[in-house]
Amino acid sequence: MPELPEVEILREELRREVIGRRMKEVAVFEKTASQFPVAQLREAAEGRAIVGVRRRGKMLILDFEGGCSLIIHLMMVGQLLLSPPFTGEPRDICLELKFADRVRLTLGQVRLKYVHLLPTAEVDSWPPVAKLGIDPLEESFTVDLLRRLFAKKRGAIKTTLMDQTAIAGLGNVYTDEILFRARLHPQRRASDLSEEEVKRLHASIVAELQRGLELGGSSEMAFLHLDGSEGCYQESFQVKGRKGRPCLVCATPIERIKVGGRGTYFCPQCQSSSQSSSSSSPSQSSSS
Ligand SMILES: [Zn+2]
């Protein structure tokens, strides 16, 4: 599923490509879209320009001139493609925005029930957005904030990291890589982390998201850039999908367990379940 880095990449690409572009026509293809406000979207978008592109957690928000916004959640395998530069045939399109200059923005492989039209002024108070926790790319995401967040959480670290109301944007892929980098066992209780461990976790969250962004996101599943190209973060996974293969740091076979119902990869040696000292590090970063 697209996580924070993938959605952030799309936000940045959309910002460059579609802001200022005027919409000519909106087309809806899903047959069972009876709940979707097609007429209102046409009214809100046709003849108007896109004036803003934002991200909240894993959601993308397109702001139209005139005061309406479209909120899109790509769910598991959703794809947003801009043709051109994309030259292929987008798959399973549910929504298409045609611009006056014939460029088309298509949304595919996701149901329209994950797309919402709202007045721009109400986006931030809309419950699914309002309940989101801190964005880990923001400057206000500090070690101190993470410590305070974790102090109250009695669940497993992994589950806590994926709780969108605590930290917004992390999913099953990045959390495994983050916890390996921080050499923390995914099942340890969040509130049990030491000062040093919280610091390490914070540095690992920021560093791993940055690495995902630099590598163009993960196209392990269906994520594509706006032009249809793939990211390559998946080529450098340290633990994800590597069950039984040697840990890249200590050669111990990587294990797969379930945490909060989600398949979780970790190194039983590097990520011991007891509190770890701060010396030996599998991390590429020296940031703590
Ligand atoms: Zn290891």
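Here, every reference points to the structure presented above.
Engineer: Any details on the overall build of the protein chain? Residues and values, ideally.
Structural biologist: Of regular secondary structure, the protein chain possesses seven helices and ten strands. Over its C-alpha atoms the protein chain spans a radius of gyration of 20 Å, differing by no more than 12% from the 19 Å that the globule rule assigns to 288 residues. Along the longest, intermediate and shortest principal axes, the C-alpha atoms of the protein chain span 60 × 35 × 35 Å. Looking at the protein chain as a whole, 52% of its 288 residues are labelled buried.

Engineer: Tell me about the sheet that holds strand β5 (residues 79–83), and please be specific about residues and values.
Structural biologist: If you trace the four strands from one edge of the open sheet to the other, you get β1-β6-β7-β5, paired in antiparallel fashion. Strands at the two margins of the open sheet, each flanked by one partner only, are β1 (23–28) and β5. Going from strand to strand, the sheet's axes swing by 15° on average, the running direction of each strand aside. Where β5 meets strand β7 (residues 104–108), five bridges bridge the pair, whose relative direction is antiparallel. By the bridge assignment, Leu82 is partnered in β7 with Leu105. Most of the contacts of helix α1 (residues 4–18) go to β5, to which it runs at about 25°, and overall it touches β5, β6 (93–99) and β7.

Engineer: So what about the layout of surface pockets? Which residues, and what values?
Structural biologist: The calculated volume of the largest pocket comes to roughly 410 Å³. If you trace the largest pocket, you find 24 residues lining it, with Met1, Lys58, His73, Met75 and Gln164 closest to the centre. Listing elements by their share of the lining of the largest pocket, those giving two or more residues are β4 (68–73) and α6 (172–181). Of the residues forming the lining of the largest pocket, the biggest block, three residues, is contributed by β4. Grouping the amino acids of the lining of the largest pocket by side-chain chemistry returns 13 nonpolar, five polar and six charged.

Definitions and limits used
Residue positions are given per chain, counting from 1 as you read along its sequence in written order. In keeping with the model being predicted, local features are shown solely for residues with a pLDDT of at least 70 and side-chain atom pairs are shown and tallied solely at 80 or more, while totals for entire chains, interfaces and linings include all residues. Hydrogens and waters are ignored; side-chain quantities use all the structure's heavy atoms. Helical segments are the DSSP runs of H or I of at least four residues, strand segments are the runs of E of at least two, and each set is numbered from the N terminus. The globule rule used here is 2.2 Å times the number of residues to the 0.38 power, and the radius of gyration it is set against is calculated over C-alpha atoms. Using a 1.4 Å probe on the protein chains alone, a residue whose accessible area is under 20% of its type maximum counts as buried, one over 50% counts as exposed, and one in between counts as partly exposed. Paired strands, in this sense, are two strands between which DSSP finds at least two bridges. Lines fitted to C-alpha atoms define the axes, with helix axes restricted to the stretch in contact, and inter-axis angles between N-to-C directions lie between 0 and 180 degrees. Residue contacts follow a heavy-atom distance rule, with two residues in contact if any of their heavy atoms lie within 4.5 Å. In this analysis, the protein atoms alone were mapped onto a 1 Å grid. Cavities are point sets where a 1.4 Å probe fits without being able to get out; pockets are open sets with protein on both sides within 12 Å along at least five of seven lines; lining residues have an atom within 4 Å of a point. Grid points are joined across faces, edges and corners, and a volume is the space filled by probe spheres set on the points. Here the nonpolar group is Ala, Val, Leu, Ile, Met, Phe, Trp, Tyr, Cys and Pro; Asp, Glu, Lys and Arg are the charged ones; every other residue, Gly included, is treated as polar.

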